[in-house]
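# Coordinate inspection notes
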Amino acid sequence: MRAGVRFVTGLGCAGVLCAAIGWAPAVWADTVEVEIVGIDNPLRSNARKSLSVAAKHEESWSAGHIQTLYRLAPKEIKQALMPYGYYAPEIETELDKPAAGSETWQARFTVKKGPATKIRTLNIAARGPGDQLDALRRAMKDTELATDQRLVQSRYTATKSAMFNAAYNAGYLDAAFSQSAIRVDPEARLAEIDLVLDTGERYYFGPVTFKQDLLADDFVQRFVPFDSGEPYSAQELIDLQLVLNDSDYYSQIEIDAERARAQRELNNDAWFYDLIYPPSDPLESIGQLRIPVTVTAEPSKGQSYKFSAGYGTDTGPRVGAGVKFRHLNRQGHQFRLDTRVSQIQRSLQAAYDIPIENVAQDKLSFTASINNEQFGDITSTYYGVGVVRDTGWQLGRKRAYLRFQQEFYDLGNGNQNSILLYPGYNVTLQKADDLLFTRKGVSASFDVHGAAEALASSTNMISAELNGAAVLPVTETTRVVSRGRLGAIGTDNFEDVPPSQRFFAGGAQSVRGYNFQSISPTNADNEDIGGRYVATFSLEGNWFFYNKFGLATFFDAGDVTNEVGDFSLKKGVGIGFRYGSPVGMVRLDVAHPLDDTGGDFAIHFSLGPDL
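Reference entry: report on the structure contained in this document. (Residues numbered from 1 in each chain as written. Predicted model: local features only at pLDDT ≥ 70, side-chain atom pairs only at ≥ 80, totals over all residues. Heavy atoms only, no water.)

## Notes on the sheet that holds strand β4 (residues 90–96)
- One open sheet holds the 3 strands; their spatial order is β2-β5-β4, and the pairing between them is mixed. Two strands close off the open sheet at either side, each with one partner strand: β2 (31–37) and β4. Direction aside, the axes of adjacent strands within the sheet are offset by 15° on average.
- Pairing analysis gives 7 bridges linking β2 to strand β5 (residues 104–112), with the strands arranged parallel. The partner of Thr31 across the bridge, within β5, is Thr104. (Pairing = 2+ DSSP bridges. Helix = DSSP H or I, 4+ residues; strand = E, 2+ residues; numbered from the N terminus. Axes fitted to C-alpha atoms, helices over the stretch in contact; angles between N-to-C directions.)

Now the structure itself:
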């Protein structure tokens, strides 16, 4: 017998309905006001949704049409209560014509739901080679169905879905229910449930074949997150497609893993192990059903370009441009060149990236940069080259690096030249429900690096910095955002530490109410030159009054000093506007500095993620 889908246009029913109401006089009513009493939500809301007489309509209904829909209501309400275990409700109906001067009909339904139908017998089981699968056993154990409890059909559906998904996701692609039925005796108000899943044989991954000419096959195979012979998993195939899309090498990915192509293969290497420990699936002794996977990939364009522009009160107008050469060779090497220009920074950076180990997220980068940047009141020019081993971990990134840097600056006592050769290590973590519009999440980063005169540097120093942020929901429309920063530099001569290595505070992302990097020790000319220690803290409350539009109140505090005992926190308070844009949170803040006589308030504008 051939299975198919049959579409019914509904013209026959419409004709009957038209015939039934065709005699009605042309009296029109704009609305029908429906009232349901005697039951509470969710029963009442489900009953209302099922009522044809309560349906929305663009054109007015005739009196005959309203009366016809009204007569359908008892049956519709009864059907709406069945999924909740009430099969014999008592329903009283009342329909009033529009009062004088009104065109609104009044329909009232008084419902007595009656005794609930309870589960008398419950048969939930799994059969076949996968009947001992942990996920499947857990799905059956966690069911909300129980004997002597009210029959709720959504619980039946949830249990059925959980059992099937557990088996299918573990590679039992032929899983099917040999028994799946609810039998109800409305008079006795009792139900019997049978839910028996036959898992069928398990399927496994076969070899993965790539149809592409861009990268070497041994390289592109390293993107595959599974091995031939592992249990089939649809999620693993999704992960493979996502990681290939994110790799930037391809513009289009198509993965073919049809069950019909499965072939039985015997694992000759495991015969002795299977002899001592027989597999749970007896069919495995004659070979696994393995599904070959074919990946067809179209290469992306050889170069990609990016351009950016923006404005912030810390940086003023800013523009940026970059180019990436995606296809340098068949081992996936890439080259990046980026430039940024703003009022406080002009930079040119280049990087040569080599994928390593887990090529989906690990790389070795050789970098070079030229920067002219303002730190506090000091303008510094520095050049650097380095190497970075950038690897991913479960919550973020880990970077081990070595950098050589030469810097030219004037701290107020003449031109200086600094040379640093410093190794360092940086670790970041980030976890959020939504990175662009965060309701709940945390982030943190820790960096430590150091230089020594014995290793070609012009000073001895070690620097450590910890940054953290958290977003916590309070209600559906409010949240709390907090940030903190701690940093310290250990050195025997701080005068030789260049500006790029010193700490500054103040600005839109720091202590608001104070100018960018204006919280700092000063020199004899009262210029901000940076310090050895930094500590800042921010606490902010947000209220989103309409969609992603919101208001903020905040309190910030922090200081930068050269002595730990000299901390004198600079504090700021204020209010702000928030908008969750497609590229991150838009922030416009008006802040009042509590410890600065230089001004009554400062305006800060910034754009970007909260974490």
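Additional details are given in the paragraphs that follow.
## Quick word on the packing of aromatic side chains
- Inspection of the entire model under this criterion finds 17 aromatic pairs.
- On the numbers, 6.2 Å between centres and 85° between planes, the contact of Phe219 with Tyr249 is edge-to-face. Placement of the pair is Phe219 in helix α6 (residues 217–220) and Tyr249 in the loop between α7 (234–246) and β10 (250–256), with a sequence separation of 30 residues.
- For Tyr249, a relative accessible area of 4% gives the class buried. (Phe/Tyr/Trp six-rings, centres within 6.5 Å; stacked < 30°, edge-to-face > 60°. Buried < 20%, exposed > 50% of the residue type's maximum accessible area, 1.4 Å probe, protein only.)

## What about the sheet that holds strand β7 (residues 176–185)?
- With mixed pairing, 3 strands are arranged side by side in an open sheet as β6-β8-β7. On the outer flanks of this sheet lie β6 (118–127) and β7, each paired with one strand and no other. Between one strand axis and the next, the sheet turns through 5° on average, direction left out of account.
- Relative to strand β8 (residues 190–198), β6 runs parallel, the two sharing 9 bridges. Residue Arg127 lies in a different strand from β8, and its bridge partner there is Asp198.
- Most of the contacts of helix α5 (residues 153–169) go to β8, to which it runs at about 10°, and overall it touches β6, β7 and β8. (Contact = heavy atoms within 4.5 Å.)

## Regarding the pattern of salt bridges
- Across all of its chains, the model carries 27 salt bridges by this definition.
- Close ionic contact of Arg264 with Glu201 constitutes a salt bridge, the shortest N to O distance being 2.6 Å. Residue Arg264 is located in strand β11 (residues 263–265), and its partner Glu201 is located in the loop between β8 and β9 (203–211); the two are separated by 63 residues in the primary sequence.
- Arg485 is the salt-bridge partner of Glu465, the closest N and O atoms lying 2.8 Å from each other. With Glu465 in strand β22 (residues 461–473) and Arg485 in strand β23 (residues 478–491), the pair connects residues that are 20 residues apart, well separated along the chain.
- Look at the salt bridges and you will find they share partners, linking Arg512, Glu540, Asp556, Arg578 and Asp589 into a network. (Salt bridge = Lys/Arg side-chain N within 4 Å of Asp/Glu carboxyl O.)

## Digging into the pairing of β22
- Direction of pairing for strand β21 (residues 441–451) relative to β22: antiparallel, over a ladder of 11 bridges. Looking at β22, one finds that His449 is bridged to Ser463.
- Two strands pair when backbone bridges link them, and β22 and β23 are joined in this way by 13 bridges, in the antiparallel orientation. From the neighbouring strand, Ala469 faces β23, where its bridge partner is Arg483.

## Let's talk about helix α3 (residues 63–81)
- Helix length check: α3, at 19 residues, gives a terminal C-alpha distance of 28 Å against a target of 27 Å (1.5 Å per residue), a fit within 8%.
- Along α3, the residues classified as buried are Ala63, Gly64, His65, Ile66, Thr68, Leu69, Tyr70, Ala73, Glu76, Ile77, Ala80 and Leu81. (Expected span 1.5 Å × (residues − 1).)

## Regarding the pairing of strand β20 (residues 415–432)
- Direction of pairing for strand β19 (residues 396–410) relative to β20: antiparallel, over a ladder of 15 bridges. Within β20, the position partnered with Phe408 by the bridge is Asn417.
- Strand direction decides the pairing type here: β20 and β21, joined by 9 bridges, are antiparallel. Looking across to β21, one finds that Asn426 is bridged to Asp447.

## What to know about the nonpolar core
- Core analysis: the largest hydrophobic core is formed by 28 residues, its most contacted members being Phe223, Tyr232, Leu244, Tyr250 and Val295.
- Secondary structure elements with two or more residues in this core: β9, α6, α7, β10 and β12 (288–299).
- A per-element tally of this core places β12 first, with 5 residues.
- Residues within four places of Leu244 in sequence aside, it is in contact with Phe210, Phe223, Tyr250, Ile253 and Val295.
- Counting 22 residues, the second-largest nonpolar core is a separate cluster that includes Ile36, Ile39, Ala47 and Ala63. (Core = buried A, V, L, I, M, F, W, Y, C linked by side-chain atoms within 4.5 Å.)

## Here we look at unusual backbone geometry
- Residue Asn41 is joined to Pro42 through a cis peptide bond whose omega torsion reads 10°.
- Within the fold, Pro42 resides in the loop between β2 and α2 (43–50).
- With a phi angle near 65°, Asp148 is a residue other than glycine that sits in the positive phi range.
- With respect to the secondary-structure elements, Asp148 resides in the loop between α4 (134–141) and α5.
- Residue classification places Asp148 among the exposed residues on the basis of a relative accessible area of 57%.
- Residues other than glycine seldom take positive phi values, yet Glu357 does so here, at roughly 45°.
- Mapping Glu357 onto the fold places it in the loop between β16 (345–355) and β17 (363–375).

## Notes on the packing of α4 against α5
- Their axes nearest at 8 Å, the elements α4 and α5 cross at an angle of 175°. Compared by their axis directions, α4 and α5 come out roughly antiparallel. Along the contact surface, α4 presents Ala135, Leu136, Ala139 and Met140, while α5 presents Ala162, Met163 and Ala166.
- The class makeup of the residues in the contact of α4 with α5 is 7 nonpolar, no polar and no charged. (Parallel < 35°, antiparallel > 145°, perpendicular 65-115°, else oblique. Nonpolar A, V, L, I, M, F, W, Y, C, P; charged D, E, K, R; others polar.)

That's the geometry; what it means functionally is another story.
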